[in-house]
Amino acid sequence: ESLLDFVSAGGFNAIRLPFSADIIVSAERRFPTNINYALNPTLQGKTSFEVMEIIVQEAGKRGLTIMPDMHLFDPSQGTLQPPLWYSSQCTFDSAQSGDAGSRGLCTAVTPACVNNR
């Protein structure tokens, strides 16, 4: 929360929030790996998606706009950006329908992507 306060006090009004689509469509629960829980005890035990939701909510309280940046589908790709956001492991249709996990990627992120194949 103090980082969001710092950003807001610095005069910024938006934050780009990169994420892996895998945290939304995977049937497995994904947990963050680089959080200092001594500084962020309220995030302990939260999934990556829950942490993302908390960041969005807390940013909104400070008048900050969040720009979600679907960076990768598969976090095992490291920093390599594939040419397309979907892959043979998660097709566009499975991401849209929710077959790839508990909810459809397009439903969770934005309904507009349904028309953006």
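Structure: see above.
Residues numbered from 1 in each chain as written. Predicted model: local features only at pLDDT ≥ 70, side-chain atom pairs only at ≥ 80, totals over all residues. Heavy atoms only, no water.

### Structural notes on the pattern of salt bridges
Part 1 of the argument: A full pass over the atoms with the stated rule returns four salt bridges.
Part 2 of the argument: Note that D69 and R16 form a salt bridge whose closest N and O atoms lie 2.7 Å from each other. One end of the pair, D69, is in strand 2 (residues 65–72); the other, R16, is in strand 1 (residues 14–20), with 53 residues separating them in the sequence.
Part 3 of the argument: Of the residues examined, R16 reaches a relative accessible area of 47% and is grouped as partly exposed.
Part 4 of the argument: Across the pair E58 and R62 runs a salt bridge whose closest N-O atoms are separated by 3.0 Å.
Part 5 of the argument: Salt bridges linked by common partners bring D5, E58, K61 and R62 together as one network. (Salt bridge = Lys/Arg side-chain N within 4 Å of Asp/Glu carboxyl O. Helix = DSSP H or I, 4+ residues; strand = E, 2+ residues; numbered from the N terminus. Buried < 20%, exposed > 50% of the residue type's maximum accessible area, 1.4 Å probe, protein only.)

### A word on the nonpolar core
Part 1 of the argument: Ranked by size, the top nonpolar core spans 13 residues in total, and within it I15, I23, I24 and L64 carry the most contacts.
Part 2 of the argument: Every element with two or more residues in this core is listed here: helix 1 (2–9), strand 1, helix 2 (22–25) and helix 3 (48–61).
Part 3 of the argument: In this structure, I15 is in contact with L4, V7, L64, T65, I66 and M67, ignoring residues within four places of it in sequence. (Core = buried A, V, L, I, M, F, W, Y, C linked by side-chain atoms within 4.5 Å. Contact = heavy atoms within 4.5 Å.)

### Some details on the environment of R30
Part 1 of the argument: Structurally, R30 is set in the loop between helix 2 and helix 3.
Part 2 of the argument: In sequence terms R30 and T47 are 17 residues apart; their C-alpha atoms lie 5.6 Å from each other.
Part 3 of the argument: With residues up to four places along the chain from it excluded, the contact list for R30 reads D22, I23, T47 and S48.

### Quick word on the environment of T47
Part 1 of the argument: Within the secondary structure, T47 sits in the loop between helix 2 and helix 3.
Part 2 of the argument: Through-space distance from the C-alpha of T47 to that of F31 is 4.5 Å; in sequence the pair is 16 residues apart.
Part 3 of the argument: Contact partners of T47, with chain neighbours within four places excluded, come to R29, R30, F31 and P32.

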